[in-house]
Amino acid sequence: MKRIPLKPRPNWEQKCDEVGFHYYNLDGLYWNESVCYQFTSKQIDSLEAATQELHQLCLEAVDCIITENRYTQLSIPPEFFQLCRQSWERGDPSLYGRFDFVYDGIHPPKLLEYNADTPTALLEASIVQWTWLEENFPDADQFNSIHEKLLEQFQQIYFNLSPTQRYLHFTCERDTAEDLGTVEYLRDVAIQAGFETKHLYIDEMGWNSNDQCFCDLEDYPIQALFKLYPWEWMIEDEFGKHLLSEPMLLLEPAWKMILSNKAILPILWELFPDHPNLLPAYFDSSQLSHPYLSKPIFSREGANINIYYGDRSYQTDGIYQDEPLIYQSYCPLPQFDRYYPVIGSWIVGDQPAGIGIREDQTPITQNTSQFIPHYFI
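Residues numbered from 1 in each chain as written. Predicted model: local features only at pLDDT ≥ 70, side-chain atom pairs only at ≥ 80, totals over all residues. Heavy atoms only, no water.

- Taking an unreviewed UniProt entry as the reference, the chain is identified by name as Glutathionylspermidine synthase family protein belonging to Limnoraphis robusta CCNP1315.

Below is the structure:
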């Protein structure tokens, strides 16, 4: 695993725009092709195997949590935990998720957290870095079948739905270029899979009390919805209680509430202690020695994380300071030229699909971290 300086492509900004990647300059410079990471095929095999293994462990953990009714550990309200149970037992389909790994190319990948509900950095991992590869390293390869697997999974979901559910609405928040870019990319893939689609912002969704259904601005019933909007926010919203009647199919499904919750980390460690791809994690810090870190169970983009070194600590700001915490052994990210990379490894359906890399000059990856392309030989 190497970090290699590289000359950016001429007119790379235009090439990003051409594939719908308009937020490459987010927070200054988000997409950075002046460097790249090189892997060996053996290292890619290790990342793929860890992704497949952790996916299976997570599914086993969901089954255990539901069987043992462990909703209090995840701070999920009982009525919504029942929604998770119904969704799980029914086998509601999942589209995708992203495991975040610490990996140095030598030791086994270790799971930092699982973005199972609203992962982003997708378009850049799927399309943008592939077009970069074709221009810069046409004889090399890339761990990246994300687009093909998304299309395959959308097609599988499509053929298992009723005709009315094959009209798929897509939603996200306003004024978030990255979220909109991600949703529009996924909407394009869904169209290729056969869906009729429509975009609306989350504040444009309404509840039709006469017909007992969610609807869009034209009062068209929403019978299937892809939402880049967290489950924990949805259930707290004004119309959240209406989700309990299950008026529509949701991607991601309700059972993903369990996996998108960082409380899954200590439960995974409890169920699979000393697993080579897991870090020790607990609901209190007494069983951990320094250094260790705390994370709010509902948080994103590296917010409100504290690293405890014993005589000092390092913390990030955020809006999740009032959330319950979990504690995890601190595994330092590797350093390459004073940069710290995190590997985001994608699972689509039940299949590992590829990786994207975010790096920062601080030990915690945040929303200002840059995306770096990769290849392997």
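### With respect to the overall build of the chain
Next up, step 1: Summing up its helical and strand segments, the chain has 9 helices and 19 strands in all.
Next up, step 2: Here the C-alpha atoms of the chain give a radius of gyration of 20 Å, agreeing with the 21 Å that 2.2 N^0.38 yields for 377 residues.
Next up, step 3: Over its C-alpha atoms, taken along the principal directions, the chain stretches across nearly 60 × 55 × 35 Å.
Next up, step 4: For the chain, the proportion of its 377 residues judged to be buried stands at 58%.
Next up, step 5: Summarising the internal contacts of the chain: among those between residues at least 6 apart in sequence, 70% fall at separations of at least 24.
Next up, step 6: When the accessible surface of the chain is split by element, carbon and sulfur atoms take 47% of a total near 16,000 Å². (Helix = DSSP H or I, 4+ residues; strand = E, 2+ residues; numbered from the N terminus. Rg over C-alpha atoms; globule rule 2.2 N^0.38 Å. Buried < 20%, exposed > 50% of the residue type's maximum accessible area, 1.4 Å probe, protein only. Contact = heavy atoms within 4.5 Å. Areas by Shrake-Rupley, 256 points an atom, 1.4 Å probe, with all protein chains shown as cover.)

### Thoughts on the pairing of strand β6 (residues 196-201)
Next up, step 1: With 6 bridges connecting them, strand β5 (residues 167-172) and β6 associate as parallel partners. By the bridge assignment for β6, L168 is matched with T197.
Next up, step 2: Handedness of the crossover joining β5 and β6 through helix α6 (residues 177-192) is recorded here as right-handed. (Pairing = 2+ DSSP bridges. Right-handed = clockwise from strand over helix to strand, strands pointing away.)

### Details of the nonpolar core
Next up, step 1: In this structure, F39, M257, I258, L268 and I343 are the most contacted members of the largest nonpolar core, which totals 71 residues.
Next up, step 2: Per-element accounting of this core gives the leading share, 11 residues, to helix α2 (residues 41-67).
Next up, step 3: W132, I146, C172 and L228 belong to the second largest nonpolar core, which has 46 residues in total. (Core = buried A, V, L, I, M, F, W, Y, C linked by side-chain atoms within 4.5 Å.)

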